[in-house]
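Observations on the three-dimensional arrangement
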Amino acid sequence: MSLILEDVSYKYNPNTTYEVTALDHISLQINDGEFIGLIGHTGSGKSTLIQHLNGLLQATEGRILYNGEDIYAQGYDRQSLRTQVGMVFQYPEHQLFEVNVFEDVKFGPKNQGLDDKEATLRAYEALRAVGFPDEFYDQSPFELSGGQKRRAAIAGVLAMKPAVLILDEPTAGLDPKGRDEILDLILATHERTGNTVILVSHSMEDVAKYASRLIVIDGGRIRFDDTPARVFAHYRELEEMGLSAPRVTYLLHSLSERGMDVDVNATTVSDACDTIKKALSIRS
Amino acid sequence: MNNIIEAIKLTHEYFRRDEEGNVEGISVALDHVDLDVREGQFISILGHNGSGKSTLAKHINALLVPSEGTLYVDGKLTSDPANEFNIRQSAGMVFQNPDNQIVASVVEEDVGFGPENIGVPTDEIWERVERSLKSVGMWEYRDKSPNRLSGGQKQRVAIAGVMAMEPRCIVLDEPTAMLDPQGRREVISVARELNRTKGVTVILITHYMEEVVDSDYVYVMDHGHIVMRGTPRQIFSEVEKLREYRMDVPQITELAYELKLAGVDIDDGILTEDELADALIGLV
């Protein structure tokens, strides 16, 4: 069970003078239950890539297999693919539209063909999973705060129980606490249900903390695909691509150059703390 | 030195209305805020979503006027409609989404739009366009279409558009929320450069703690009040208090804080990699 891209290319405006190659021969396998971070500068092709994963864009060349089936094959049910590969777009609160939060979250499961009772249960479950306060269930989604709107919108996608959850910068514009809350709930859902998560982010600190595999896109090609520690070891190349490493990585490299015996591969605050304590011979 | 911004008990109230437009209650977005900003300073405002930061920014631009209290911008009272025009010229604003702020199809025309609108003679418009684009490092893109630029470049064009109005103060309301790491670096370094070389007062509103470490002063807002004020070092020394206000500290400060809790003998409020590296190397 997996999502496989075989030599996928995508061109905008093909065969015109405005032709732009957004994806350039991408091959990739995404396995069940992975938590993947996807990074790349604006225009690197990451949004184009994720729109291929649920069939919103069709590759100019190459194949995409979901659970072994070619999603471009004649008669393939792409409608159903979109409920199994759920996408939370940037600023998902712009897609809220129903009269109240509860109806908004119910919309997805109802669209999947579930009866009203089942859809209602799904909505309850999803709203609880995102920690949405129940006194606001009947409120118009437009009257909520920024963080609550974001939760409601994510609940709307979770209610469809997608096997693969793709989030395009889900924390943009949120305050630090709101950012941590949203990412923690995505991780908790991942750990509880074993779903596959693909997190697109501009925060190197966040992908280092949450993802176990990191894919770096640049110029429509995959430049790195490895654990965060191994990818961030290439921080100078990442900088050339308009990216960076978490701040703690820079600190550890500087300490190491100055003769301190630290592990430069730590990419999170807690790992960095551990290796520095060890170097200073302090027991946890 | 003069105060470019002087808020005395600045209060902003607004009516909450139901669907029929009947008043349901009154909300207070700014609650008796006192704030002085000296000309030439670089100040930052932090605060959770809904804390009142953006409302404050809109007051500085006279997009909103006080319900109570007074606000002077460049010596002019914002509540006097006759000052509206002058205030918007003194205090320019840059918003979060670069795509919402660009009006023309060529970069230099976009930057010239503001001065043209206020009747600046043509020769002088071109001088201002050249100066502004050079000041943000975008002069070589003057004849390009803004659509072809990266997010960071678009924001720099938006800043140039504000600079062409020759303001004494720029308010940047989450200018980097939608940008990749490279774009964030570009925008913040341009803002610092304008502050340093042109003496423009900068008011930066952001959710990225790293961006405020070089500010002269940092203000933290919560529920319409300024609840903390001080230098970055003073503010970021209070890790727990910041977290109560849904804020965070820069990653390096967080690491230093964790190390200190573990018994490492270092100072509070460490802000940069170099400071922490020096402190730790000193202990080996």
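In short, a report on the structure. Predicted, not measured: the structure shown is a model, and the values here were computed from it. (Residues numbered from 1 in each chain as written. Chains lettered and ligands numbered in written order. Predicted model: local features only at pLDDT ≥ 70, side-chain atom pairs only at ≥ 80, totals over all residues.)

**Re the overall build of chain A**
Under the convention used in this document: Helical segments are the DSSP runs of H or I of at least four residues, strand segments are the runs of E of at least two, and each set is numbered from the N terminus. Atoms considered for the radius of gyration are the C-alpha atoms alone. The globule rule reads 2.2 Å times the number of residues to the power 0.38. Backbone-placed C-beta atoms define the burial measure: a residue is buried with 20 or more other C-beta atoms within 10 Å of its own, exposed with 12 or fewer, and partly exposed in between. Contact criterion: two residues are in contact if their C-beta atoms, reconstructed from the backbone, are within 7 Å.
Each helix and strand in chain A was counted, giving eleven helices and ten strands. Against the compact-globule benchmark of 19 Å for 284 residues, chain A has a radius of gyration of 20 Å, which places it among compact chains. For chain A, the proportion of its 284 residues judged to be buried stands at 45%. A sequence separation of at least 24 residues applies to 61% of the contacts in chain A between residues at least 6 apart.

**Quick word on the overall build of chain B**
When helices and strands are counted, chain B shows ten helices and ten strands. A compact globule built from 284 residues would reach a C-alpha radius of gyration of about 19 Å, and chain B, at 20 Å, matches this within 12%. Overall, chain B is about 65 × 50 × 45 Å in size when its C-alpha atoms are taken along their principal axes. The buried share among the 284 residues of chain B stands at 50%. The contacts in chain B between residues at least 6 apart in sequence include a share of 63% that link residues at least 24 apart.

**Thoughts on the interface of chain A and chain B**
Defined as follows: We call Asp, Glu, Lys and Arg charged. Ala, Val, Leu, Ile, Met, Phe, Trp, Tyr, Cys and Pro are nonpolar, and the rest, Gly among them, are polar.
Residue-level contacts link 35 residues of chain A with 34 residues of chain B. Mapped onto the side of chain A that touches chain B, the elements with two or more residues apiece are α5 (146-158), α6 (176-193), α7 (204-210), α10 (247-257) and α11 (269-279) of chain A. With six residues, the top contributor of residues to the side of chain A that touches chain B is α10(A). Partitioning the side of chain A that touches chain B into residue classes produces 17 nonpolar, twelve polar and six charged.

**Here we look at the nonpolar core**
Put simply, the rule is: Definition of nonpolar core: a set of buried Ala, Val, Leu, Ile, Met, Phe, Trp, Tyr and Cys residues joined via C-beta atoms within 7 Å.
Of all hydrophobic cores here, the largest spans 159 residues; its most connected members are Ala155(A) and Leu199(A). Beyond its immediate stretch of four places on either side in the chain, Leu199(A) contacts Ile36(A), Gly37(A), Leu38(A), Leu167(A), Val207(A), Tyr210(A) and Ala211(A).

**Topic: the sheet that holds strand β2 (residues 23-38) of chain B**
Sheet strands pair by backbone hydrogen bonding; their relative direction is either parallel or antiparallel. Residues and elements named next belong to chain B. The condition is simple: One requirement defines pairing of two strands: DSSP has to find at least two bridges between them.
Spatially, four strands are ordered β2-β1-β4-β5 in an open sheet, and the strand pairing comes out antiparallel. A strand with exactly one partner marks an edge of an open sheet, and here the two such strands are β2 and β5 (76-77). Two strands pair when backbone bridges link them, and strand β1 (residues 3-17) and β2 are joined in this way by eleven bridges, in the antiparallel orientation. For Leu-10, the partnering residue across the bridge sits in β2 and is Val-33.

**So, unusual backbone geometry**
Its identity is not glycine, yet Asn67(A) carries a phi of approximately 50°, on the positive side. As for its position among the elements, Asn67(A) is in the loop between β4 (61-66) and β5 (69-70).

**What to know about helix α9 (residues 251-261) of chain B**
The buried count for α9(B) comes to eight of eleven residues, which makes it a mostly enclosed element. Gln251(B), Ile252(B), Thr253(B), Glu254(B), Leu255(B), Ala256(B), Tyr257(B) and Leu259(B) are the residues of α9(B) that are buried. Residues of α9(B) that are buried in the fold lie against α7, α10 and α11 of chain A together with α7 (232-236), α8 (239-244) and α10 (273-281) of chain B.

**A word on the sheet that holds strand β2 (residues 20-31) of chain A**
All names here are of chain A. Spatially, four strands are ordered β2-β1-β4-β5 in an open sheet, and the strand pairing comes out antiparallel. Of all strands in the sheet, those with a lone pairing partner are β2 and β5, marking the two edges. One ladder, built from two bridges, connects β4 with β5; its direction is antiparallel. Each bridged residue has a counterpart across the sheet, and for Tyr-66 the counterpart in β5 is Glu-69.

**Focus on the packing of α10(A) against α10(B)**
What describes two packed helices is the angle between their axes and the distance between those same axes. Rules: To obtain each axis, a line is fitted to C-alpha atoms, and for helices this fit is confined to the stretch in contact; angles are then taken between N-to-C directions over 0 to 180 degrees. Throughout, the term roughly parallel applies to angles under 35 degrees, roughly antiparallel to angles over 145, roughly perpendicular to angles from 65 to 115, and oblique to all others. Rotating anticlockwise by less than a right angle from the far helix to the near helix defines a left-handed crossing, while the corresponding clockwise rotation defines a right-handed one.
Where α10(A) contacts α10(B), the axes come no closer than 10 Å and their chain directions differ by 40°. Overall, the two elements α10(A) and α10(B) adopt an arrangement that is oblique. The two elements α10(A) and α10(B) cross, and the hand of that crossing is right-handed. Along the contact surface, α10(A) presents Arg247(A), Tyr250(A), Leu251(A), Ser254(A) and Leu255(A), while α10(B) presents Glu273(B), Leu276(B), Ala277(B), Leu280(B) and Ile281(B). Classifying every residue of the contact of α10(A) with α10(B) gives seven nonpolar, one polar and two charged.

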